[in-house]
Amino acid sequence: MYDSGKIITGLVIAIVILTFPFWWNMGSAMPPAPDPKLADKAKAAGQCIYSKAYMKTSHMQVLDDWRNMVVRDGVRYTLLQPGGDPIEMQVIKEGRSRLMAATNHLQLGAKGSQYEMSLQNTCMDCHSSKKEFCDQCHNYASVSPFCWDCHVEPEEKK
Amino acid sequence: MGFDRRDFLKIAGITAVSLGAKPALDAVLGDTAQAETQALRPGVSKAETWAMVIDTRKLTEEDIHKAIEACHSEHNVPDIRLPNHEVNIKEEVKWLWADQFDHVFPDHSQAFPYLSEEVEEKQFLALCNHCTEPPCVRVCPTKATFKRPDGIVMMDMHRCIGCRFCMAGCPYGSRSFNWGDPRPWIRKVNPKYPTRMKGVVEKCNFCAERLAKGQFPACVEAVESGALVFGDLSQPGSAVRDLLRKHNVIRRKPSLGTGPNVYYII
C-alpha cells in the first residue's frame, strides 16, 4: 500500500471528526424533559379553547389559521357561538377546510363565550409566562418560532 | 252589509296606491335608519367604504400632536432619532404625520401659487388615504398589502418581504420601512398590539383592530374638537357624507386617479 501512513492518519482524523458529536456529548446527562407550567389563570380556567391533545399537536396550525382569519378575513372571534350552540362558520368566504377540521376540537369555555383570536391578548392572557410555558418545549425541541419578533410577550413576573 | 263594486274599487285603489308608495316610504325611512346605524356599535362595525374627513379649520397644532401621539403609542410606532436626538428622517417610521400645504397638496399649490398666509403657515395632517384604487396593492408581489371589502388597505405583516415596491407605488409617502429592529425606539410598548420587525413596511390601518370592537380610530378619538370625522362613505346618512354635502373638500393628488378616501376641508 502506497502512502499508508498518510491514508491511515487521514482516516483516523476523519473518523474522529465524524464521531465528534457522539463522544462530545458522552457522559453528559440527557437534557431534562420539558415541563411547561400552567399559569394560575390557565389552571383556574381548567380547559383551553381547543382540546389539550389538539393544542399539543396543532397549536401552530391554530395560530396560523387565526392570523389568516383575523388579518385577511377580518374575523376576529372564534367560531364558538355564545351559549354553546352548534358551531357555525361565520364570515368565511373561501372555505377554509382546515379550520372546519379544527372546529371539531373546540371546547366550550366555562361561560360558552367567544374568544378573540389573538396570541397576545387571548393565549398569553391565560398563559402569562412565555418562559415557563412556550419556551419549555420550544427550547427542548430547538425550535425558535418568529412569533415574538413582532408579537409582544407578557412581562415575566419574578 | 253589501260589498258592491264601488267599495271593491275603493279598496283596490287604496291597496294599489299603498303598494306603490312602499318603496318610496322605505327609501325615506331607510335613510334615517341608516343614519342611526352609521354610529359605531360595540361588536363588529362594518362598512362598505370607510372614509375620513379632516376639518383643517378646526384642527389645531395641539390636536395634531395629540392625534399623532395617540396613534403612534397605540400601534407601537417607533420614534427613531439620531444620536443628537433629532428625528432621523432617513429611517423615520410614521403612520400619521403633519406637513405644510404645498407638500401635502402639491397639485393644488401648483395650480394656485398664491396661498393665503394662514394656509401657507398651517400644518396639515397626512395619513394613508385607503385609496379606492390603491397602487400599493397592485404592486405588492406577495399580496401582503390588500384591500378589504370595507375599503381599508390592510397589511399582513406575516407576508411582507420588505421589497418596498409599495413604497415606490404610494404617491403619498404613507409607508415606512423598518431599516432596523424598531423595538429599542418604542418608548412604551403597548402590550395589546404587536410591534414590527426589521425588514417590513408599515402604515396606517385605519385602526382596523379598534373598528372591530366598535371603537373609532385612535386619532379620531384623540381630537376632541371633532375635527376628524370618520364614517361610512357609502351611506348617505353618515357623518362623513353629511360633511361632504355641506363643504367643498379637496383630496391629495386627485389627478393620479387613486381615489383617496381621506377628505380635507380647507
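On a predicted model such as this, the values are computed, not experimentally measured, just so you know.

Assigned secondary structure in chain A consists of seven helices and zero strands. Secondary structure of chain A in N-to-C order comes out as α-α-α-α-α-α-α. For chain A, the proportion of its 158 residues judged to be buried stands at 12%. Looking at chain A alone, contacts between residues at least 24 apart form 75% of all its contacts between residues at least 6 apart.

With that out of the way, let us pick up the overall build of chain B. The helix and strand inventory of chain B stands at 10 helices and 10 strands. Here chain B holds 266 residues, and 35% of them are scored as buried. Of all intrachain contacts in chain B linking residues separated by at least 6 positions in sequence, the fraction that spans at least 24 positions is 68%.

Moving on, we come to the sheet that holds strand 9 (residues 249–250) of chain B. The strands making up a sheet are joined through hydrogen bonds of the backbone, oriented either antiparallel or parallel. All names here are of chain B. Here we have four strands laid out as an open sheet, ordered 8-1-10-9, and mixed in their pairing. Looking along the sheet, the strands with just one partner apiece sit at the ends: strand 8 (228–232) and strand 9. As paired strands, strand 9 and strand 10 (residues 262–265) are joined by two bridges and run antiparallel to one another. The residue bridging I250 from the neighbouring strand is Y264, located in strand 10. Strands in contact with helix 10 (residues 239–246) are strand 1 (50–55), strand 8, strand 9 and strand 10; relative to strand 8, the strand with the most contacts, it is inclined by about 115°.

Right, let's talk about the domain arrangement of chain B for a bit. The domain boundaries assigned to chain B delineate domain 1 (1–37) and domain 2 (50–265). Between the C-alpha centres of domain 1 of chain B and domain 2 of chain B there is a distance of 48 Å.

This part takes up the confidence of the model for chain B. Residue and element names in this part refer to chain B. Residues with a pLDDT of 70 or more make up 89% of chain B, whose mean pLDDT is 89. Predicted confidence for residues 30–38 stays below pLDDT 50, and this span has 13 contacts to residues more than four positions away or in other chains. In the predicted assembly, ipTM is 0.78 and pTM is 0.79.

Let us look at the confidence of the model for chain A. Residue and element names in this part refer to chain A. Averaged over every residue, the pLDDT of chain A is 78; residues scoring 70 or more account for 77%. Within chain A, the lowest mean pLDDT, 48, falls on helix 4 (residues 97–103), and the highest, 95, falls on helix 7 (residues 147–150). Of the regions scoring below 50 in pLDDT, residues 81–98 engages in 23 contacts with residues more than four places distant in sequence or in other chains. Every residue in residues 108–112 scores below 50 in pLDDT, and together they form eight contacts with partners more than four places removed in sequence or on other chains.

So, on to helix 2 (residues 61–74) of chain B. Residue and element names in this part refer to chain B. Helix length check: helix 2, at 14 residues, gives a terminal C-alpha distance of 20 Å against a target of 20 Å (1.5 Å per residue), a fit within 8%. Among all positions in helix 2, only I64, A67, I68, C71, H72 and E74 are buried. Residues of helix 2 that are buried sit in contact with strand 2 (96–100), strand 3 (123–127), helix 9 (218–222) and strand 8. Immediately downstream of helix 2, the backbone of N76 shows phi near 55°, a positive value.

Here we take up the interface of chain A and chain B. Counting residues at the interface gives 12 residues for chain A, matched by 13 residues for chain B. For the side of chain A that touches chain B, the elements supplying multiple residues, two or more each, are helix 3 (52–73), helix 5 (119–126) and helix 7 of chain A. Here the side of chain A that touches chain B takes three residues from helix 3 of chain A, the largest share from any one element. Residue classes in the side of chain A that touches chain B are distributed as four nonpolar, four polar and four charged.

Right, let's get into the environment of S225 of chain B. All names here are of chain B. Within the element layout of this structure, S225 appears in the loop between helix 9 and strand 8. Among the residues examined, S225 registers 11 C-beta atoms within 10 Å and is labelled exposed. Taking C-alpha positions, S225 is 31 Å from Q110, a pair spaced 115 residues apart along the chain. Not counting residues within four places of it along the chain, the set of residues in contact with S225 comprises K58 and D63.

Right, let's get into the nonpolar core. If you look at the biggest cluster of nonpolar residues, it comprises 64 residues, and the most contacted ones within it are I54, A67, L96, L125, C219 and L228 of chain B. If near-sequence neighbours (up to four positions away) are discounted, I54 of chain B is found in contact with L59, L125, A227, L228, V262, Y263 and Y264 of chain B.

With that out of the way, let us pick up the environment of V71 of chain A. By the secondary structure assignment, V71 of chain A is in helix 3. Remark: the alpha-carbon pair of V71 of chain A and S118 of chain A, spanning 47 residues in sequence, is separated by 11 Å.

Moving on, we get to the environment of D102 of chain B. Tracing the sequence through the fold places D102 of chain B in helix 3 (residues 101–104). For the pair D102 of chain B and F124 of chain B, spaced 22 residues apart in sequence, the C-alpha separation works out to 9.8 Å.

Attention now goes to unusual backbone geometry. Residue and element names in this part refer to chain A. Positive phi outside glycine occurs at D3, with the angle close to 50°. Inspection of the secondary structure puts D3 in the segment before helix 1 (4–25). According to the C-beta neighbour criterion, D3 is exposed, with 9 such atoms within 10 Å. Of note in the backbone geometry, S142 takes a positive phi value of approximately 55° without being a glycine. Note that S142 resides in the loop between helix 6 (134–140) and helix 7. According to the C-beta neighbour criterion, S142 is exposed, with 7 such atoms within 10 Å.

About the cut-offs
Residues numbered from 1 in each chain as written. Chains lettered and ligands numbered in written order. Predicted model: local features only at pLDDT ≥ 70, side-chain atom pairs only at ≥ 80, totals over all residues. Helix = DSSP H or I, 4+ residues; strand = E, 2+ residues; numbered from the N terminus. Buried ≥ 20, exposed ≤ 12 C-beta atoms within 10 Å, placed from the backbone. Contact = placed C-beta atoms within 7 Å. Pairing = 2+ DSSP bridges. Axes fitted to C-alpha atoms, helices over the stretch in contact; angles between N-to-C directions. Domains from an automatic or database assignment. pLDDT = per-residue confidence, 0-100. Expected span 1.5 Å × (residues − 1). Nonpolar A, V, L, I, M, F, W, Y, C, P; charged D, E, K, R; others polar. Core = buried A, V, L, I, M, F, W, Y, C linked by C-beta atoms within 7 Å.

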